[in-house]
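Architecture and fold: a report
Each chain, written out:
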Amino acid sequence: MSCGLVSRKSKIVNPLMAIIVNLDVVMAKRKISLNELSERVDLTLSNLSILKTGKAKAIRFSTLEAICKALDCQPGDILEYVNEEK
């Protein structure tokens, strides 16, 4: 893949970033589409897709709060820290 992204265990991982975005997993568990989540959190499909695929470099707390509220989850369900040095 380009952009330095590699797939590990079906997750998209940026080798420069130790934070993994599991939004797609949480969405699948809640059986919610990208379109529906986009409407609920008032975020464009494009921006939500960037976040879902792990290509985002940052997320606002207000956006994270809206996503957690819409998916009835905690930030830790969506974001995961992976220590690659171990």
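Just so you know, these numbers come straight off a predicted model, no measurement behind them.

A separate point is the overall build of the protein chain. Helix and strand counts for the protein chain stand at five helices and four strands. Going through the 86 residues of the protein chain one by one, you find that 27% of them count as buried. Within the protein chain, contacts between residues at least 6 apart in sequence are counted, and of these 53% link residues at least 24 apart. Roughly 6,200 Å² of accessible area belongs to the protein chain as shown, and the carbon and sulfur atoms make up 53% of that amount.

Turning next to the pattern of salt bridges. One pass over the full model with this rule turns up one salt bridge. Arg40 is the salt-bridge partner of Glu36, the closest N and O atoms lying 2.6 Å from each other. With Glu36 and Arg40 both in helix α2 (residues 34-41) and four residues apart, the pair spans about one turn of that helix.

Leu23, Met27, Leu37, Ile67, Leu71, Cys73 and Ile78 are the most contacted members of the largest nonpolar core, which totals 16 residues. Secondary-structure elements contributing two or more residues to this core are α1 (23-30), α2, α3 (45-52) and α4 (61-71). The element contributing the most residues to this core is α4, with five residues. Once residues lying within four places of it in the same chain are set aside, the contact partners of Leu71 are Leu23, Val26, Met27, Arg30, Ile32 and Leu37.

Chain-level pLDDT for the protein chain is 85 on average; 80% of the residues reach the 70-or-more range. When the criterion is pLDDT under 50, residues 1-10 qualifies, and its contacts beyond four places in sequence or with other chains add up to 13 contacts.

All buried positions along α4 are accounted for by Thr63, Leu64, Ile67, Cys68, Ala70 and Leu71. All buried residues of α4 fall inside an arc of 165° around its axis, so they share one side. Exposed residues lying more than 90 degrees from the buried face of α4 are Phe61, Glu65 and Lys69. Each element contacted by the buried residues of α4 is listed here: α1, α2, α3, α5 (75-78) and β4 (79-81). Looking one or two residues past α4, Asp72 carries a phi angle of roughly 50°, positive in sign.

The rules behind the values
- Residues numbered from 1 in each chain as written.
- Predicted model: local features only at pLDDT ≥ 70, side-chain atom pairs only at ≥ 80, totals over all residues.
- Heavy atoms only, no water.
- Helix = DSSP H or I, 4+ residues; strand = E, 2+ residues; numbered from the N terminus.
- Buried < 20%, exposed > 50% of the residue type's maximum accessible area, 1.4 Å probe, protein only.
- Contact = heavy atoms within 4.5 Å.
- Areas by Shrake-Rupley, 256 points an atom, 1.4 Å probe, with all protein chains shown as cover.
- Salt bridge = Lys/Arg side-chain N within 4 Å of Asp/Glu carboxyl O.
- Core = buried A, V, L, I, M, F, W, Y, C linked by side-chain atoms within 4.5 Å.
- pLDDT = per-residue confidence, 0-100.
- Arc of directions from axis to C-beta.

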